[in-house]
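Chain and residue survey
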Amino acid sequence: MTYYEHFHLMVGETLKECQRIEHDVKLIYAGMKAGDFETNLAELKREALGTVLVDLQRLDNSTARSYFSVADYKLLREIKNIRNWLAHKAYVDFLYDKGTAWEDNFKKSYKKLKDFHGRMQTLAGQVEKVRLDILRRYGRI
(Lines give C-alpha, C1' and ligand atoms only; values in the text may rest on other atoms or scores of the structure.)
Protein backbone atom coordinates (compact mmCIF):
# COMPACT_ATOMS: atom_id res chain seq x y z
CA MET A 1 0.00 0.00 0.00
CA THR A 2 1.38 3.41 -0.94
CA TYR A 3 1.47 6.37 1.43
CA TYR A 4 -1.21 8.00 -0.69
CA GLU A 5 -3.49 4.94 -0.37
CA HIS A 6 -2.78 4.82 3.35
CA PHE A 7 -3.68 8.52 3.55
CA HIS A 8 -7.10 7.74 2.00
CA LEU A 9 -7.65 4.90 4.45
CA MET A 10 -6.70 7.04 7.46
CA VAL A 11 -9.01 9.87 6.34
CA GLY A 12 -11.95 7.46 6.32
CA GLU A 13 -11.03 5.82 9.61
CA THR A 14 -10.48 9.18 11.29
CA LEU A 15 -13.83 10.54 10.11
CA LYS A 16 -15.46 7.35 11.40
CA GLU A 17 -13.86 7.83 14.83
CA CYS A 18 -14.97 11.47 14.93
CA GLN A 19 -18.57 10.46 14.17
CA ARG A 20 -18.41 7.67 16.73
CA ILE A 21 -17.08 10.01 19.40
CA GLU A 22 -19.71 12.64 18.64
CA HIS A 23 -22.53 10.11 18.89
CA ASP A 24 -21.10 8.57 22.07
CA VAL A 25 -20.88 12.04 23.65
CA LYS A 26 -24.57 12.54 22.90
CA LEU A 27 -25.38 9.12 24.36
CA ILE A 28 -23.37 9.97 27.48
CA TYR A 29 -25.15 13.28 27.97
CA ALA A 30 -28.58 11.76 27.27
CA GLY A 31 -27.79 9.03 29.79
CA MET A 32 -26.64 11.40 32.53
CA LYS A 33 -29.39 13.96 32.01
CA ALA A 34 -32.53 13.56 34.11
CA GLY A 35 -35.60 12.32 32.29
CA ASP A 36 -36.34 9.74 29.66
CA PHE A 37 -33.21 8.59 27.82
CA GLU A 38 -34.86 8.28 24.39
CA THR A 39 -36.45 11.74 24.69
CA ASN A 40 -33.12 13.22 25.80
CA LEU A 41 -31.35 11.59 22.85
CA ALA A 42 -33.97 12.77 20.35
CA GLU A 43 -33.55 16.34 21.61
CA LEU A 44 -29.79 16.11 20.99
CA LYS A 45 -30.01 14.60 17.52
CA ARG A 46 -29.50 17.89 15.67
CA GLU A 47 -27.33 19.61 18.28
CA ALA A 48 -23.75 20.44 17.38
CA LEU A 49 -20.97 18.70 19.28
CA GLY A 50 -19.78 21.97 20.83
CA THR A 51 -23.18 22.72 22.34
CA VAL A 52 -23.52 19.22 23.77
CA LEU A 53 -19.99 19.36 25.19
CA VAL A 54 -20.73 22.58 27.11
CA ASP A 55 -23.80 20.99 28.69
CA LEU A 56 -22.05 17.68 29.32
CA GLN A 57 -19.05 19.32 30.95
CA ARG A 58 -21.32 21.30 33.27
CA LEU A 59 -23.25 18.15 34.22
CA ASP A 60 -20.08 16.03 34.47
CA ASN A 61 -18.40 18.55 36.76
CA SER A 62 -21.45 18.59 39.05
CA THR A 63 -20.89 14.93 39.98
CA ALA A 64 -18.57 13.68 42.72
CA ARG A 65 -16.15 12.25 40.14
CA SER A 66 -15.87 13.74 36.67
CA TYR A 67 -15.58 11.26 33.84
CA PHE A 68 -13.53 13.56 31.62
CA SER A 69 -10.62 15.83 32.49
CA VAL A 70 -10.17 19.41 31.33
CA ALA A 71 -7.67 18.12 28.75
CA ASP A 72 -10.22 15.56 27.51
CA TYR A 73 -12.80 18.29 26.96
CA LYS A 74 -10.21 20.38 25.13
CA LEU A 75 -9.47 17.51 22.77
CA LEU A 76 -13.18 16.80 22.29
CA ARG A 77 -13.69 20.44 21.26
CA GLU A 78 -10.80 20.19 18.77
CA ILE A 79 -12.57 17.43 16.85
CA LYS A 80 -14.70 19.83 14.82
CA ASN A 81 -11.65 21.78 13.61
CA ILE A 82 -9.75 18.72 12.48
CA ARG A 83 -12.88 17.13 11.03
CA ASN A 84 -13.43 20.32 9.00
CA TRP A 85 -9.81 20.20 7.83
CA LEU A 86 -10.29 16.57 6.78
CA ALA A 87 -13.50 17.32 4.90
CA HIS A 88 -12.45 20.57 3.23
CA LYS A 89 -8.67 20.95 3.07
CA ALA A 90 -6.68 17.79 3.78
CA TYR A 91 -6.33 17.05 0.08
CA VAL A 92 -6.28 20.62 -1.19
CA ASP A 93 -3.23 21.30 0.99
CA PHE A 94 -1.14 19.29 -1.51
CA LEU A 95 -3.32 18.15 -4.41
CA TYR A 96 -2.61 21.06 -6.77
CA ASP A 97 1.10 21.31 -6.04
CA LYS A 98 3.80 20.06 -8.40
CA GLY A 99 7.05 18.18 -7.85
CA THR A 100 8.77 18.57 -4.51
CA ALA A 101 6.12 21.01 -3.27
CA TRP A 102 3.51 18.27 -3.70
CA GLU A 103 5.68 15.79 -1.84
CA ASP A 104 6.56 18.21 0.98
CA ASN A 105 2.96 19.33 1.50
CA PHE A 106 1.66 15.77 1.26
CA LYS A 107 4.13 14.72 3.97
CA LYS A 108 2.92 17.59 6.20
CA SER A 109 -0.71 16.59 5.68
CA TYR A 110 0.12 12.92 6.23
CA LYS A 111 1.91 13.69 9.51
CA LYS A 112 -0.96 15.88 10.73
CA LEU A 113 -3.49 13.20 9.79
CA LYS A 114 -1.48 10.37 11.36
CA ASP A 115 -1.17 12.28 14.64
CA PHE A 116 -4.86 13.12 14.76
CA HIS A 117 -5.84 9.59 13.73
CA GLY A 118 -3.92 8.15 16.68
CA ARG A 119 -5.38 10.66 19.10
CA MET A 120 -8.91 9.94 17.86
CA GLN A 121 -8.48 6.17 18.18
CA THR A 122 -7.34 6.59 21.77
CA LEU A 123 -10.09 9.09 22.58
CA ALA A 124 -12.78 6.93 20.91
CA GLY A 125 -11.82 4.01 23.14
CA GLN A 126 -11.91 6.19 26.23
CA VAL A 127 -15.26 7.74 25.32
CA GLU A 128 -16.73 4.31 24.61
CA LYS A 129 -15.72 3.07 28.08
CA VAL A 130 -17.30 6.14 29.69
CA ARG A 131 -20.46 5.67 27.59
CA LEU A 132 -20.86 2.07 28.71
CA ASP A 133 -20.14 2.93 32.35
CA ILE A 134 -22.63 5.79 32.39
CA LEU A 135 -25.38 3.89 30.63
CA ARG A 136 -25.00 1.05 33.14
CA ARG A 137 -24.70 3.36 36.16
CA TYR A 138 -27.79 5.34 35.21
CA GLY A 139 -29.78 2.22 34.37
CA ARG A 140 -30.00 2.98 30.64
CA ILE A 141 -28.75 -0.45 29.56
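Note that the structure is a prediction, hence the values are computed from the model and not measured.

Analysis parameters
- Each chain carries its own residue numbering, running from 1 in the written order of its sequence.
- Per-residue local features of the predicted model are confined to residues with pLDDT of at least 70, and side-chain atom pairs are confined, for both listing and counting, to 80 or more; whole-chain, interface and lining totals are unaffected and use all residues.
- Remark: hydrogens and water are excluded; side-chain values derive from all non-hydrogen atoms of the structure.
- Helix and strand definitions follow DSSP, with helices as H or I runs of at least four residues and strands as E runs of at least two, each counted in order from the N terminus.
- Exposed residues in this analysis have more than 50% of their type's maximum accessible area, buried residues have under 20%, and partly exposed residues fall in between, with area computed by a 1.4 Å probe over protein chains only.
- In this analysis, two residues are considered to be in contact whenever any of their non-hydrogen atoms come within 4.5 Å of each other.
- In short, Shrake-Rupley with a 1.4 Å probe defines the accessible areas, and a residue's cover is counted only from the protein chains shown.
- Counting rule applied: Lys, Arg positive; Asp, Glu negative; His and chain ends not counted.
- Where a charge lies is defined by one atom per residue type: Lys uses NZ, Arg uses CZ, Asp uses CG and Glu uses CD.
- Counted as salt bridges are all cases of a side-chain nitrogen of Lys or Arg within 4 Å of a carboxyl oxygen of Asp or Glu.
- Only Phe, Tyr and Trp rings are paired, with Trp represented by its six-membered ring, and only when their centres lie within 6.5 Å; those with planes under 30 degrees apart are stacked, over 60 edge-to-face, the remainder tilted.
- A ring has a charge above it when a Lys NZ or an Arg CZ is no more than 6 Å from the ring centre and no more than 35 degrees off the ring normal.

**Observations regarding the overall build of the protein**
- Of the regular secondary structure elements, the protein holds 6 helices and 0 strands.
- Starting at the N terminus and walking to the C terminus, you meet the elements of the protein as α-α-α-α-α-α.
- Its C-alpha atoms give the protein principal-axis dimensions of about 60 × 25 × 25 Å.
- Scored against the burial criterion, the 141 residues of the protein give a buried share of 38%.
- The contacts in the protein between residues at least 6 apart in sequence include a share of 75% that link residues at least 24 apart.
- Accessible surface computed for the protein: about 8400 Å², of which carbon and sulfur atoms make up 54%.
- When the 25 basic and 20 acidic side-chain charges of the protein are each reduced to a single mean position, those positions are 2 Å apart.

**Looking at the pattern of salt bridges**
- What the rule picks out here adds up to 14 salt bridges.
- Among the ionic pairs, R131 bridges to D24, the shortest N-O distance being 2.8 Å. In this pair, R131 sits in helix α6 (residues 99-137) while D24 sits in helix α1 (residues 3-32), placing the two residues 107 residues apart along the sequence. Like D24, R131 is buried.
- Notably, a salt bridge pairs E78 with R119, separated by 2.8 Å at the nearest N-O pair. Of this pair, E78 sits in helix α4 (residues 70-88) while R119 sits in helix α6, placing them 41 residues apart in sequence.
- By relative accessible area, which is 30% here, R119 ends up partly exposed.
- Salt bridges linked by common partners bring K16, E17, R20, D24, E128 and R131 together as one network.

**Examining the packing of aromatic side chains**
- Tallied over the entire structure, the rule returns 13 aromatic pairs.
- Pairing F106 with Y110 gives two aromatic rings, centres 6.0 Å apart and planes at 45°, and the pair type is tilted. With F106 and Y110 both in helix α6 and 4 residues apart, the pair spans about one turn of that helix.
- The class of F106 is buried, set by a relative accessible area of 6%.
- Members of the aromatic cluster, joined through ring pairs, are Y3, Y4, F7, Y91, F94, W102, F106 and Y110.
- Between R65 and the ring centre of Y67, over which it is positioned, the NZ or CZ distance is 5.1 Å.

None of this, on its own, says anything about what the molecule does.
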